[in-house]
Amino acid sequence: MNGLAGKVALCTGSGRAGGLGFGILDRLGQEGCKLVVTDLPTALAVEEGSSFSALQGKGYDVIQIACDVSSEVDVVACLDQVVAHFGQIDIVVNNAAIGHIMKPLLELETHDWLNVIGVNLTGAFLFTREAGKRMQAGSCIINVASQAAKTGFRQMAPYVSSKHGLIGLTRTSAIDLAPKQIRVNAVCPNHVTTDMGRQQSEYFSQLRGMTPEEYRKGIAERVPLGRVGRPSDTAAAVAFLASDDAAFITGEAMNVSGGEEMH
Ligand SMILES: NC(=O)c1ccc[n+]([C@@H]2O[C@H](COP(=O)([O-])OP(=O)(O)OC[C@H]3O[C@@H](n4cnc5c(N)ncnc54)[C@H](O)[C@@H]3O)[C@@H](O)[C@H]2O)c1
């Protein structure tokens, strides 16, 4: 990919080595970016499967910062720390999310709704606004949305609504930040068997009276390319959108779903 070497890339919710955030930073590290791991303090404290240690072990220039994306104070402090350390911020990937609250609509508590919207949508808004203030021309923001940003899923009202909202944020901030030559795009993966993906497939397989393995086999059979997604698939799309090869792409919501989602 062109133009990524030497750029400073931050990914929210990237503290655990099994998640999409780790895959994204690993790929951006391979492309020569300097890396910022951020996550909740509890996620960063995990010793086994620490994203930071794994990225350091690969020889990348990487720091980690505890940051709750739903806290304005944390987001401002996090970006100030990045700029103090690296001198700039070029790429922000809004990846942090809550995806484990699955309930029938009529049983949802108001705090379930507010928690999910607060992290998945308000968190991305805070990072977009604060990064937008600090970024130079040629920088970009990439939002990790979902297939759930394009279509409805049962018993996932807060998650689906937050991800649809993230596409709205992507489109409107792409327009508002275009005069600064900052691009904003989204990627929309379907199922990936991370911690979140595993929790979701366990819940939905139970609803259907299947094992999680049978459920995931069913997904693979629906996907025209015949398999479930991997973190590296989403990471490749993010690296492309962050690179100069995508210099004329902004406001886009790119499916990474093996053909399962096409609009
Ligand atoms: N796995 C899938 O099937 C799938 C499919 C489509 C989209 N996605 C999206 O990909 C992204 C990454 O998900 P994942 O599958 O790697 O799951 P994950 O659970 O491994 O990662 C989510 C991360 O967000 C962090 N997080 C939660 N609340 C936070 C907060 N308040 N502040 C900061 N960090 C917080 C968690 O600690 C966790 O590390 C999410 O946006 C998710 O919605 C996942």
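A quick note: this is a predicted structure, and the numbers were derived from the prediction, not measured.

K.L.:
I would appreciate a short explanation of the site of the ligand in the present structure.
P.N.:
Taken together, 26 residues lie near the ligand, and Leu20, Asp39, Asn95, Tyr159 and Thr194 sit nearest. A distance of 2.9 Å is found between a nitrogen atom of the ligand and a side-chain nitrogen or oxygen belonging to aspartate 68. At 3.0 Å from a nitrogen atom of the ligand is found a main-chain nitrogen or oxygen belonging to valine 69. Burial of the ligand by the protein chains amounts to 94% of its free accessible area of 820 Å². At the level of elements, helix 6 (157-177) and helix 7 (195-207) are the ones that each hand at least two residues to the shell around the ligand. Taken together, the residues of the shell around the ligand sort by class into 14 nonpolar, eight polar and four charged.

K.L.:
What am I meant to see in empty space enclosed by the protein here?
P.N.:
Over the atoms, a rolling probe the size of a water molecule traces out where space has been left empty. Considering all chains together, one arrives at one cavity of 30 Å³ or more under this definition. Taken as a whole, the largest cavity spans an internal volume of roughly 60 Å³. Lining the largest cavity, in full, are Thr12, Asn94, Asn95, Ala96, Ala97, Val119, Asn120, Gly123, Ala124, Val144, Lys163 and Leu166. If you list the elements that add at least two residues to the lining of the largest cavity, you get helix 5 (110-134) and helix 6. No other element matches helix 5, which puts four residues into the lining of the largest cavity. Looking at the lining of the largest cavity, its residues break down into six nonpolar, five polar and one charged.

K.L.:
What is the right way to look at the layout of surface pockets in this model?
P.N.:
Reported here for the largest pocket is a volume of approximately 1200 Å³. For the lining of the largest pocket, the secondary-structure elements that each account for two or more residues are helix 1 (20-30), helix 6, helix 7 and helix 8 (212-222). Examining the composition of the lining of the largest pocket, we find that eight residues originate from one element, helix 7, more than from any other. The residue makeup of the lining of the largest pocket, split by class, is 21 nonpolar, 18 polar and 10 charged. Its boundaries defined by the atoms lining it, the second largest pocket holds a volume of some 210 Å³. Gly138, Ala178, Gln181, Ile182, Arg183, Ala242, Ser243, Asp244, Ala247, Phe248, Ile249 and Thr250 together form the lining of the second largest pocket. Considering only residue class, the lining of the second largest pocket consists of six nonpolar, four polar and two charged.

K.L.:
Help me understand the nonpolar core in this model?
P.N.:
It is characteristic of soluble globular proteins that their nonpolar side chains tend to be buried jointly. Counting residues in each nonpolar core, the largest one holds 31 residues, and the members touching the most others are Ile24, Leu28, Leu35, Leu55 and Ile91. Within the residue set of this core, elements represented by two or more residues are strand 1 (8-11), helix 1, strand 2 (34-39), helix 3 (51-57), strand 4 (91-94), strand 5 (140-144) and helix 9 (231-242). Here the element with the most residues in this core is helix 9; it accounts for six residues. If we skip the residues at most four places from it in the chain, leucine 55 touches Phe22, Leu25, Asp26, Leu35, Val37, Tyr60 and Val62. Membership of the second largest hydrophobic core comes to 29 residues, among which are Val75, Cys78, Ile141 and Val184.

K.L.:
Where do I start with the packing of helix 7 against helix 8 in this structure?
P.N.:
The geometry of a pair of packed helices is captured by two quantities: the angle between their axes and the separation between those axes. Two elements in contact, helix 7 and helix 8, have axes whose closest approach is 8 Å; the angle formed by their N-to-C orientations is 100°. Between helix 7 and helix 8, the angle falls in the class roughly perpendicular. Here helix 7 contributes Arg198, Ser201, Glu202, Phe204 and Ser205 to the contact with helix 8, which in turn contributes Pro212, Tyr215 and Arg216. Of the residues assigned to the contact of helix 7 with helix 8, the class counts are three nonpolar, two polar and three charged.

The rules behind each value
Residues numbered from 1 in each chain as written. Predicted model: local features only at pLDDT ≥ 70, side-chain atom pairs only at ≥ 80, totals over all residues. Heavy atoms only, no water. Near = heavy atom within 4 Å. Polar contact = N/O pair within 3.5 Å; in protein donor to acceptor, adjacent residues only side chain to side chain. Areas by Shrake-Rupley, 256 points an atom, 1.4 Å probe, with all protein chains shown as cover. Helix = DSSP H or I, 4+ residues; strand = E, 2+ residues; numbered from the N terminus. Nonpolar A, V, L, I, M, F, W, Y, C, P; charged D, E, K, R; others polar. 1 Å grid on protein atoms, 1.4 Å probe; cavity = no way out; pocket = protein on both sides within 12 Å on 5 of 7 lines; lining within 4 Å. Points joined across faces, edges and corners; volume = space filled by probe spheres on them. Core = buried A, V, L, I, M, F, W, Y, C linked by side-chain atoms within 4.5 Å. Buried < 20%, exposed > 50% of the residue type's maximum accessible area, 1.4 Å probe, protein only. Contact = heavy atoms within 4.5 Å. Axes fitted to C-alpha atoms, helices over the stretch in contact; angles between N-to-C directions. Parallel < 35°, antiparallel > 145°, perpendicular 65-115°, else oblique.

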